[in-house]
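The lines below spell out each chain.
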Amino acid sequence: MFNLVENDDDFEIKINGDLTIYNAIETHTYFSELECQQNKKYTLNCEDINNIDTSGLQLLVAFKNKVISNQALFELKNIESEVLSKINLLNLKSELFITE
Amino acid sequence: MMDMNDALQTFYAESEELLEKMDSALLLVEGGDNNDEVLNDLFRSAHTIKGSAGIFGLFHIVNFTHIIENVLDNVRDKVITIDKDLLNVLFKAKDHMGTLINTDIQVYEESEELKEISSTLHSALNKYADIKTSEIQLNEVDSEINSDSKSTNWNIHLKLSSDCLQNGMDPISFINYLMSIGTIHKIITGMSELPNIQDMDPELLYFIFDIEFESSEPKSAIEDTFMFVIENSTIDIIETNSPIKQFIDVLITDNPTVTQIDTANIKQTEEFSEKVTVSNNDNGNSTTTDSNSRTKFVRVNSERLDILINLIGELVISKQRVDSICEKTKDDVLLEAIESLGNHTESLRDAALDLRMVPIGETFQRFRRIVRDTAQELGKDIELTITGGETELDRLMVEKLTDPLIHIVRNAMDHGVESTETRIEAGKEPQGKILLSAFHDAGHVVIEVSDDGGGINKKRITEKAISLNIIDESSTLSDQELYALLFHPGFSTKEEVTNLSGRGVGMDVVNKNVQALQGSIEIESEEGVGSKFSIRLPLTLAIIDGFHVRSGSSDFIIPQATVVECMDLAIFSTVDQRRCVNLRGEMIPYIDLKEFFKLKTTEPEQVVHHKKTRKEVVIVQFGEERAGLVVDDLQGEIQTVVKPLSSIFKCLPGISGSSLLGNGEIAFILDIPQLIEKSISTENRPMETFK
């Protein structure tokens, strides 16, 4: 479900599937075990996420917290409209550093 | 773990109750009782169903119910009045809501037929709702509500139960639903409780929400949004301009003026706080002393109750085993302790059985609609009167009783009550009457369906029975025997078969269903005056108080409620060599269980000869009929856990069930109505065994 690609100083994690309660444990395990390196950028590519629920949003925020606490950078990209609408609904755009 | 299903089941169960409530309210309106309370009930039922459906994303229900709600709102506001046409549409719309609730949204999307019905009913309701069918979209519902000038601003603080995600409840669904009944101006998602990712359980909810919300809906409607997650949740819904809100704002902003608030203000605020808490208590959020004065209800899955009853059944059997062991010890202290245990076991059994008791009135209320629709279909004018709705019966029995009752009521309307013209010709009131009543009688529940129709035509039954070769022309039958023919498979005297009754496939099934509940049906009828069907049922089928007797080598249980008295058979002299005894002037037929079940004595004959030649007779009663059961030994009262009969014994007459005794032996539970009937029918046969 997760593909990690390293480009120079950045890491891009492609998430292949929805972020919902149904796969929350798998997502949590991956995010928890991923080691975050200082000054690196971690980009979550969301183009294949069609659905997200509150458990998924909590995991995104928790992962973001982990990244920044390790003094690394966090970014979300290619966010599908359905996912973006839920982020907007819970007013989490600034929390997840979404600027567009 | 993922238990969305539980919440959905609750939604289905509550919707069913609300639909029944709507039915009752519509019937009241039809009867001219359209006061504000009834109309509010009607509106609120539709509104709650719509709200709950929205939470589950069942927008086919939301969209359809919304227009009903609009119409009912117009009725409440006296913009329109309910006439006969609107009433008929509302009845159909309510039925369609029931269909939609029981239809999966995907099935609905693929069903042109259901969509067509929705569309037709929408069109019919539209002229009363003053909105176009095509406009029924959730977003437009939103804007319509938002344009209402009476809207109020609310601050909603949501700290939902941490396991709500695991139960399939996503706060996003609730927020989406709030958007359908008002406007969300702002949401602040609080993350103060979100732990580090390593410490978090990904299936628990940590987010807390503060929502600025504007709606014209009352507070109760906003509270209803969260009805499925109220347990272990903190939900505060406070009007923005309320004093309590102002006070909280002051505290939150840590304004220096807080120190200037005098004690009177603090006291006032405490009172407000209390009111807010009590208001939340209505939804079961938390507990305070105020709420204790109110009766509270907990919705419990009925399967859990069944498990509890079964376990108590096992406890009763174990207790009997302990009893028999302790009796042998002759230890007084132990016996005293066991007696106390017995009393508690009995109380526990009664309390558990009581949990499963429901008033029959809930079922009876459905008949108002059935009678209304059936009368319309038959073109007859019939009034239904209900009495004894508070009579309680085991829920399992109520469920199984509904279909037989529907059949009897429909039969009474179709076959019994005459047309208005015929009634007028016969000098009767033009309106026919059906009475549905229930009452307790000697440990049983009796449910009666009576009508003031033409009564049962005995001549026609006889002719039909002869033509079907059930009886021959020389047969002489009593009224009861004649009426019993109605329960014969395929028997119908109605010449014209209607889609309501008259196919002769119903009454025998009705009788079998009632017998399966250990009950019986008795018919009384007078030609030209009317008929009465009386169903007599035990209160429960699970655990009964029994009277333990022995005959030969076998143990039998007589349901305690049927036992009148016991005595030595020797004191009676037989009457004219007939199988009956003279009990204080009353001739009572009897049956010897040993002879009836062809039982053998296990002990050697000489022992029996010396030990005991005396027999006992237990007088039993069912309804108006009495009989004596001759047995060898009386063992005394016993709590009996009723177990179903194995297939080998099912064909055995006179046995209705089995039970396990404390010593591990099996006892048969006697079918008293059947044995009484048998003893009456064999009363005049020559005596063989007993002298």
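Note that the structure is a prediction, hence the values are computed from the model and not measured.

1. What about the side chain of T225(B)?
Residues and elements named next belong to chain B. Tracing the backbone through its elements, the reader meets T225 in helix α9 (residues 219–225). From its side chain, T225 meets the backbone oxygen of A221 in a polar contact 3.4 Å long. Setting aside chain neighbours within four positions, we find T225 in contact with I55, F174, Y177, L178 and I181.

2. Considerations on the pairing of strand β4 (residues 73–77) of chain A
Residue and element names in this part refer to chain A. Alternating residues of β4 divide into F74 and L76, all buried, and L73, E75 and K77, none buried. As paired strands, strand β3 (residues 41–45) and β4 are joined by 5 bridges and run parallel to one another. Note that in β4 the partner of K41 across the bridge is L73. In this fold, the crossover linking β3 to β4 by way of helix α2 (residues 54–69) has right-handed handedness.

3. Concerning the interface of chain B and chain A
Taken together, the contact between chain B and chain A spans 23 residues of the former and 24 residues of the latter. Both sides of the chain B and chain A interface together cover about 2000 Å² of buried area, and 73% of this is carbon and sulfur. Three residues stand out in chain B for area buried against chain A, namely I172(B), I197(B) and P202(B), and they jointly supply 31% of the buried area on that side. Summed over the shared surface of chain B and chain A, the number is 0 salt bridges. Our count for the chain B to chain A interface comes out at 8 residue pairs in polar contact (both at pLDDT 80 or more). Among the secondary structure elements, those contributing two or more residues to the side of chain B that touches chain A are α8 (171–181) and β2 (183–190) of chain B. The element that contributes the greatest number of residues to the side of chain B that touches chain A is α8(B), accounting for 5 residues. Residues belonging to the side of chain B that touches chain A are distributed by class as follows: 17 nonpolar, 4 polar and 2 charged.

4. Things to note about the sheet that holds β4(A)
Pairing between sheet strands relies on hydrogen bonds along the backbone, with the strands arranged either parallel or antiparallel. All names here are of chain A. As summarised here, the arrangement of the 4 strands in space is β1-β2-β3-β4, forming an open sheet in which the pairing is mixed. Each edge of the open sheet is held by one strand with a lone partner, namely β1 (2–7) and β4. Each strand axis lies, on average, 20 degrees off the axis of its neighbour in the sheet, ignoring direction. Across 5 bridges, strand β2 (residues 10–15) lies against β3 in parallel orientation.

5. Brief notes about the environment of L90(B)
All names here are of chain B. Positionally, L90 belongs in helix α4 (residues 84–101). Residue classification places L90 among the buried positions, given a relative accessible area of 4%. Taking the C-alpha atoms as reference, L90 lies 7.9 Å from L26; in sequence the two are 64 residues apart. Discounting residues that sit within four places of it in the chain, L90 has contacts with L26, I68, L72, I82 and L125.

6. Structural notes on the confidence of the model for chain B
One rule of thumb: low pLDDT means the predicted coordinates there are not for detailed reading. All names here are of chain B. Looking at chain B, pLDDT values average 79 and 81% of them are 70 or higher. Confidence drops under a pLDDT of 50 for residues 254–294, and excluding neighbours within four residues, the segment shows 37 contacts in the predicted structure. In this model residues 496–505 is a low-confidence stretch, pLDDT under 50, and it forms 22 contacts with partners more than four residues away in sequence or in other chains. This prediction of the complex comes with two scores: 0.56 for pTM and 0.97 for ipTM.

7. Observations regarding a negative patch on the surface
All names here are of chain B. A cluster of acidic residues, D331, D332, E336 and E339, forms a negative patch on the protein surface. For E339, the position within the fold is in helix α13 (residues 332–355). The class of E339 is exposed, set by a relative accessible area of 54%.

8. Description of helix α2 (residues 36–55) of chain B
All names here are of chain B. Between its first and last C-alpha, α2 extends 28 Å over 20 residues, near the 28 Å set by a 1.5 Å rise per residue. For α2, the tally of buried residues reaches 15 of 20 residues, placing the bulk of the element in the interior. For α2, the side-chain oxygen to backbone nitrogen distance between the N-cap and E37 is 3.0 Å, and the N-cap itself is N35. Trailing α2 by a residue or two, G57 shows a phi angle of about 70 degrees, which is positive.

9. Quick look at the nonpolar core
Core analysis: the biggest nonpolar cluster contains 111 residues, and L44(A), F63(A), I156(B), F207(B) and I211(B) have the highest contact counts within it. If one sorts the elements of this core by residue count, helix α1 (residues 4–30) of chain B sits on top with 10 residues. Among the domains, domain 1 (4–134) and domain 2 (152–259) of chain B are the pair contributing at least three residues each to this core. When sequence neighbours within four positions are dropped, the list of residues in contact with I211(B) reads W154(B), N155(B), I156(B), L158(B), I175(B), L178(B), I184(B), K186(B) and I187(B).

10. Brief notes about a nonpolar patch on the surface
Residue and element names in this part refer to chain B. A surface patch of nonpolar side chains, amounting to about 270 Å² of accessible area, comprises I648, F649 and L652. Mapped onto the elements, I648 comes out in helix α22 (residues 647–650). Its relative accessible area of 64% is what places I648 among the exposed residues.

Procedures and definitions
Residues numbered from 1 in each chain as written. Chains lettered and ligands numbered in written order. Predicted model: local features only at pLDDT ≥ 70, side-chain atom pairs only at ≥ 80, totals over all residues. Heavy atoms only, no water. Helix = DSSP H or I, 4+ residues; strand = E, 2+ residues; numbered from the N terminus. Polar contact = N/O pair within 3.5 Å; in protein donor to acceptor, adjacent residues only side chain to side chain. Contact = heavy atoms within 4.5 Å. Buried < 20%, exposed > 50% of the residue type's maximum accessible area, 1.4 Å probe, protein only. Pairing = 2+ DSSP bridges. Right-handed = clockwise from strand over helix to strand, strands pointing away. Buried area = accessible area lost by both parts, 1.4 Å probe. Salt bridge = Lys/Arg side-chain N within 4 Å of Asp/Glu carboxyl O. Nonpolar A, V, L, I, M, F, W, Y, C, P; charged D, E, K, R; others polar. Axes fitted to C-alpha atoms, helices over the stretch in contact; angles between N-to-C directions. pLDDT = per-residue confidence, 0-100. Patch = residues over 30% accessible without salt bridge, like charges linked within 9 Å, V, L, I, M, F, W, Y side chains within 5 Å. Areas by Shrake-Rupley, 256 points an atom, 1.4 Å probe, with all protein chains shown as cover. Lys, Arg positive; Asp, Glu negative; His and termini not counted. Charge placed at Lys NZ, Arg CZ, Asp CG, Glu CD. Expected span 1.5 Å × (residues − 1). Core = buried A, V, L, I, M, F, W, Y, C linked by side-chain atoms within 4.5 Å. Domains from an automatic or database assignment.

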